[in-house]
Amino acid sequence: MGEQLSYGGGSPILFQHLFWFFGHPEVYIVALPAFGIVSDLISTHARRNIFGYRMMVWAIVGIGVLSFVVWAHHMYVSGMNPYFGFFFATTTLIIAVPTAIKVYNWVLTLWRGDIHFNPPMLFAPGFIVTFVNGGLSGLFLGNVVVDVPLSDTMFVVAHFHMVMGVAPIPVIFGAIYHWYPKVTGRMLGDAMAKFHFWVTFSGAYLIFFPMHYLGLMGLPRRYFETEGIMIMPESGHSLNAFISIMAFIVGFCAVGLRVQPDLEPAPRQAVRPQSSAGHDAGMADAHHPAAAWQLGRSPAQCLSLGL
């Protein structure tokens, strides 16, 4: 690797390699479970078997393997050998192939599906859109000639947060709205859940999407000389903390506690034969009130099924 150049507070390049060899596969510890949850949400609420199931499994395996050979695309400006840069730029672009396969299969699962846009089904496409938008900026940063001028700008912040900080969040919310009625037998408020989705989705884009343009204009992601610079007055910190606490309390009361009464169990029905495809076995039972919402019915219709 040549001489041990120093970067970032005197840390040798070797230490950076060790850090990013850990740090980049760690990203997929968050992403891969989200991929599996989204596949289940889309398959259930589009009433279709997941398209290309075997291909989806192999795509996850490929992403997991390739995630260990792309770490140094974080280090193009650290004094790394140019041949290393070429190798890691190539592997970074290759890992986009299995990722694109998963996106195509999700979209093809939705194609001509019986889609019901209940809250879980809103969060699932919201994840796909956000993940694709963030991933496209990753294709730019994977190329050395583009990454070098964009390194340490707000463009990198926007890419990272769109892929890692924002995209998995709709998956978590969608999973809660999907499985909470099945686990507890109580319904979350449908109207407030949709309001929750649109505020979260639009808010994330209003925050992070403009950062791409700020980065292209050269705005750095951090300033090291901040002594004597008043970014926010002291009163602003107190007001910001108060607003954050009140927003959490209001959101928790509006969404987390607005549940329907306990649902009565449905009368026992004759066991119907399961589909030979095997997917119907994982579908929610349409005659159970808590599961009926999972098939697109309103809470009122769910309650009527239990009477």
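As a reminder, the structure under discussion sits directly above these lines.
Here the residue numbering is sequential within each chain, running from 1 through the sequence in written order. Only residues with pLDDT of at least 70 are given local features in this predicted model, and only at 80 or more are side-chain atom pairs given and counted; all residues enter the totals for whole chains, interfaces and linings. Computation of side-chain values: all heavy atoms of the structure, hydrogens and water removed.

### Let's talk about the overall build of the chain
Here comes step 1: A count of helical and extended segments in the chain gives 12 helices and 2 strands.
Here comes step 2: Numbering of helices and strands runs from the N terminus; a helix is a DSSP stretch of H or I covering at least four residues, while a strand is a stretch of E covering at least two. Sequence-ordered secondary structure for the chain, helices as α and strands as β, is β-β-α-α-α-α-α-α-α-α-α-α-α-α.
Here comes step 3: For every residue, the accessible area (1.4 Å probe, protein chains only) is compared with the maximum for its type, and the residue is labelled buried under 20%, exposed over 50%, or partly exposed between those bounds. Taken across its 307 residues, the chain has 38% of its residues classed as buried.
Here comes step 4: Should any heavy atoms of two residues lie within 4.5 Å, those residues are considered in contact. The contacts of the chain with a sequence gap of at least 6 include a subset with a gap of at least 24, amounting to 78%.
Here comes step 5: Computed by Shrake-Rupley with a 1.4 Å probe, the accessible areas treat only the displayed protein chains as cover when residues are assessed. Of the roughly 17,600 Å² of accessible surface on the chain, 70% is carried by carbon and sulfur atoms.

### What to know about the nonpolar core
Here comes step 1: F35, V38, I42, W106, F127 and I128 are the most contacted members of the largest nonpolar core, which has 25 residues in total.
Here comes step 2: Of all the elements in the fold, those that place two or more residues in this core are α1 (13-45), α2 (53-66), α4 (96-110) and α5 (119-141).
Here comes step 3: Per-element tally for this core: the top contributor is α1, with 8 residues.
Here comes step 4: Here V38 is in contact with W106, F127, I128 and V171, once residues within four sequence places are set aside.
Here comes step 5: Among the nonpolar cores identified, the runner-up in size contains 9 residues, and V157, M162, A204 and M211 belong to it. To qualify as a nonpolar core, a set must consist of buried Ala, Val, Leu, Ile, Met, Phe, Trp, Tyr and Cys residues joined through side-chain atoms within 4.5 Å.

### Quick word on helix α3 (residues 82-94)
Here comes step 1: For a helix, the expected span equals 1.5 Å multiplied by the number of residues minus one. Taking 1.5 Å per residue as the helical rise, α3 with its 13 residues ought to reach 18 Å, and the 18 Å between its terminal C-alpha atoms agrees with that figure.
Here comes step 2: Listing the buried residues of α3 in full gives G85, F88, A89, T91 and T92. The buried residues of α3 occupy one face: seen down the axis, they fall within an arc of 165 degrees. Exposed and facing more than 90 degrees away from the buried side of α3 are Y83 and F86.
Here comes step 3: Of the surrounding secondary structure, the elements contacted by the buried residues of α3 are α4 and α6 (144-150). The arc in question is traced by the directions running from the helix axis to the C-beta atoms.

### Remarks on the pattern of salt bridges
Opposite charge on two side chains permits pairing when their charged atoms draw close.
Here comes step 1: Salt bridges, as used here, are contacts in which a Lys or Arg side-chain nitrogen is within 4 Å of a carboxyl oxygen on Asp or Glu. Counting across every chain of the model gives 2 salt bridges.
Here comes step 2: Linking D152 and R221 is a salt bridge whose minimum nitrogen-to-oxygen distance equals 3.8 Å. Here R221 lies in the loop between α9 (190-216) and α10 (234-256) and D152 lies in the loop between α6 and α7 (154-166), a separation of 69 residues in the sequence.
Here comes step 3: Classification of D152 by relative accessible area gives partly exposed; the value is 27%.

### A few points about the environment of L18
Here comes step 1: Locating L18 in the fold gives a position in helix α1.
Here comes step 2: For L18, a relative accessible area of 54% puts it in the exposed group.

### Observations concerning the side chain of H212
Here comes step 1: Counting through the fold element by element, H212 comes out in helix α9.
Here comes step 2: Here H212 falls in the buried class, since its relative accessible area comes to 9%.
Here comes step 3: Dropping the residues within four chain positions of it, H212 is found in contact with S137, F155, A158, H159 and M162.

### Looking at the packing of α1 against helix α8 (residues 168-184)
Here comes step 1: Fitting a line to C-alpha atoms yields each axis, with helices limited to the stretch in contact; the angle taken between N-to-C directions then spans 0 to 180 degrees. The geometry of α1 relative to α8 is characterised by a closest axis approach of 9 Å and an angle of 45 degrees between their N-to-C directions. Considering their axes alone, α1 and α8 lie oblique with respect to each other. For the pair α1 and α8, the sense of crossing is left-handed. On α8, the residues that touch V30, A34, I37, V38, D40, L41, T44 and H45 of α1 are P168, V171, G174, A175, H178 and W179.
Here comes step 2: Here the residues of the contact of α1 with α8 sort into 9 nonpolar, 4 polar and 1 charged. Roughly parallel means an angle under 35 degrees; roughly antiparallel, over 145; roughly perpendicular, 65 to 115; everything else is oblique. Note: crossing handedness is left-handed where the near helix turns anticlockwise from the far helix by less than a right angle, and right-handed where it turns clockwise. In the scheme used here, Gly and all other residues not listed as nonpolar or charged are polar, with Ala, Val, Leu, Ile, Met, Phe, Trp, Tyr, Cys and Pro taken as nonpolar and Asp, Glu, Lys and Arg as charged.

### A few points about the environment of I95
Here comes step 1: Position of I95 among the secondary structure elements: in the loop between α3 and α4.
Here comes step 2: Since its relative accessible area comes to 7%, I95 is described here as buried.
Here comes step 3: Residues I95 and G62 lie 33 residues apart in sequence; the distance between their C-alpha atoms is 7.7 Å.
Here comes step 4: Setting aside anything within four residues of it in sequence, one finds I95 in contact with Y28, I63, L66 and S67.

### Focus on the packing of aromatic side chains
Here comes step 1: Two aromatic rings from Phe, Tyr or Trp, using only the six-membered ring of Trp, form a pair when their centres are within 6.5 Å; if the ring planes differ by under 30 degrees the pair is stacked, by over 60 it is edge-to-face, and anything between is tilted. Counted according to the given criterion, the structure contains 21 aromatic pairs.
Here comes step 2: When the centroid spacing of 6.4 Å and the interplanar angle of 65 degrees are considered together, the rings of F19 and F22 count as edge-to-face. Taken together, the residues F19 and F22, both in helix α1 and 3 residues apart, mark about one turn of the helix.
Here comes step 3: Centre to centre, the rings of F197 and W198 are 4.8 Å apart; their planes meet at 70 degrees, and the pair counts as edge-to-face.
Here comes step 4: Accessibility expressed as a relative area gives 5% for F197, which makes it buried.
Here comes step 5: Site record: aromatic cluster; members linked through ring pairs are F123, F173, Y177, F197, W198, F201, Y205, F209 and Y213.

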